[in-house]
Amino acid sequence: MLQRIAARALKFSQEYMPAPYLLSLLLTFVSAALALGITHTAVPKVLTSWYNGIWEILAFTTQMGLILLCGHALVDAPLVRRILDKISALPRTAAHAGALVFLVGWATALFNWGFSLVVSGVLVREIPRRMRVSKGYLAAAGYVGWAVWASGISSSIALVTATPGSPMNIIERMSGQAIPLSGTLLPLYNVVPVLAMAVDRKSTR
């Protein structure tokens, strides 16, 4: 029954979910409409703010693209490919496969979120070739593990707040100082939940 529900949800998403580019366009027009309707900002001001905003975040978007590109290139390295091939052959049950994809996604997301996305995708593709297990189940497990990316060293939030002069560094604008990575990634309120997430998942295996 769960597989039928998942299949219907997948079919619905494929047929009716807008493409990412179309979704970004829709959100752009919605944001503009809200600015015009709620704040009563003049149309030229809205257009100017939108145009200037693109250039303000250009460096940031380039950094994010570079993270994803470098992560993909790292996965293509022969050594990494061999390691992933060995990892794909480890699980013997669906539960073990889900836990494995989760833990690999969790560990790699703390290193590089772009690398983690590609690694999880490779495992989701390769493990079902060796055993009978739902790709949707494995993809969900990998996505849950990837959820810790914002607490890792490639966290865009942590990197922005540690970059002096960044137009997106709201913390610096408010406090007059940038926050180093040690102040965002190493405190216990960040480390403990990340470790607890892995321990809790491992205990359910």
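This write-up is about the structure you can find in this document.

Quick notes on the overall build of the chain
When its secondary structure is counted, the chain shows 12 helices and 0 strands. Along the chain direction, N to C, the helices and strands of the chain fall in the order α-α-α-α-α-α-α-α-α-α-α-α. Each principal axis of the C-alpha distribution contributes one length, and for the chain these read about 60 × 45 × 35 Å. Within the chain, the proportion of its 205 residues that are buried is 28%. Put simply, of all contacts in the chain between residues at least 6 apart along the chain, 61% involve residues at least 24 apart. In the form shown here, the chain has an accessible surface area of approximately 13500 Å², with 71% of it arising from carbon and sulfur atoms. Distance from the positive charge centre (17 side chains) to the negative charge centre (7 side chains) of the chain: 11 Å.

Comments concerning the side chain of Asn-190
Structurally, the position occupied by Asn-190 is in helix H12 (residues 188-203). Not counting the four nearest positions on each side in its chain, Asn-190 is found in contact with Ser-151, Thr-184 and Leu-185.

A look at the packing of aromatic side chains
All chains considered together, the criterion is met by 5 aromatic pairs. Geometrically, the ring pair formed by Trp-146 and Trp-149 is stacked, given 5.9 Å between the ring centres and 25° between the ring planes. Three or more aromatic residues joined by ring pairs make a cluster, and in this case those are Trp-113, Tyr-143, Trp-146 and Trp-149.

What about the packing of helix H6 (residues 94-111) against helix H7 (residues 113-130)?
A pair of packed helices is characterised by two quantities: the angle between their axes and the separation of those axes. In contact at an axis separation of 7 Å, H6 and H7 are set at 160° when each is read in the N-to-C sense. If you check the angle between H6 and H7, you find them roughly antiparallel. As H6 packs across H7, the resulting crossing turns out to be right-handed. Between H6 and H7, the contacting residues are Ala-97, Leu-100, Val-101, Val-104, Gly-105, Thr-108, Ala-109 and Phe-111 on the first element and Trp-113, Phe-115, Ser-116, Val-119, Ser-120, Leu-123 and Ile-127 on the second. Taken together, the residues of the contact of H6 with H7 sort by class into 11 nonpolar, 4 polar and no charged.

As for the nonpolar core
In this structure, Val-75, Leu-84, Val-119, Leu-123, Ile-127 and Leu-138 are the most contacted members of the largest nonpolar core, which totals 18 residues. Elements represented by at least two residues in this core include exactly helix H5 (78-88), H6 and H7. Tallying contributions element by element places H7 first for this core, with 7 residues. When near neighbours in sequence (up to four residues on either side) are disregarded, Leu-138 contacts Ala-97, Gly-98, Val-101, Leu-123, Val-124, Ile-127, Pro-128 and Val-133. Counting residues in hydrophobic clusters, the runner-up holds 13 residues, among them Phe-60, Ile-67, Trp-113 and Trp-146.

Points about the environment of Glu-126
Relative to the assigned elements, Glu-126 resides in helix H7. Separated by 91 residues in the primary sequence, Glu-126 and Ala-35 have C-alpha atoms spaced 47 Å apart.

Some points on the pattern of salt bridges
What the rule picks out here adds up to 5 salt bridges. A salt bridge links Arg-125 to Glu-126; the nearest nitrogen and oxygen atoms lie 3.0 Å apart. Glu-126 is the salt-bridge partner of Arg-129, the closest N and O atoms lying 3.2 Å from each other. With Arg-129 and Glu-126 both in helix H7 and 3 residues apart, this pair spans about one turn of that helix.

What to know about the side chain of Ser-116
Relative to the helices and strands, Ser-116 is located in helix H7. On the basis of relative accessibility, which here comes to 0%, the residue Ser-116 falls in the buried class. The residues touching Ser-116, leaving out its near neighbours within four places in the chain, are Gly-105, Thr-108, Ala-109 and Trp-146.

With respect to unusual backbone geometry
A positive phi angle, close to 55°, is found at His-40, a residue other than glycine. Inspection of the secondary structure assignment puts His-40 in the loop between helix H2 (20-38) and helix H3 (43-56). Residue His-40 is classed as exposed on the basis of its relative accessible area of 64%.

Parameters and conventions
Residues numbered from 1 in each chain as written. Predicted model: local features only at pLDDT ≥ 70, side-chain atom pairs only at ≥ 80, totals over all residues. Heavy atoms only, no water. Helix = DSSP H or I, 4+ residues; strand = E, 2+ residues; numbered from the N terminus. Buried < 20%, exposed > 50% of the residue type's maximum accessible area, 1.4 Å probe, protein only. Contact = heavy atoms within 4.5 Å. Areas by Shrake-Rupley, 256 points an atom, 1.4 Å probe, with all protein chains shown as cover. Lys, Arg positive; Asp, Glu negative; His and termini not counted. Charge placed at Lys NZ, Arg CZ, Asp CG, Glu CD. Phe/Tyr/Trp six-rings, centres within 6.5 Å; stacked < 30°, edge-to-face > 60°. Axes fitted to C-alpha atoms, helices over the stretch in contact; angles between N-to-C directions. Parallel < 35°, antiparallel > 145°, perpendicular 65-115°, else oblique. Left-handed = near helix turned anticlockwise from the far one by under 90°. Nonpolar A, V, L, I, M, F, W, Y, C, P; charged D, E, K, R; others polar. Core = buried A, V, L, I, M, F, W, Y, C linked by side-chain atoms within 4.5 Å. Salt bridge = Lys/Arg side-chain N within 4 Å of Asp/Glu carboxyl O.

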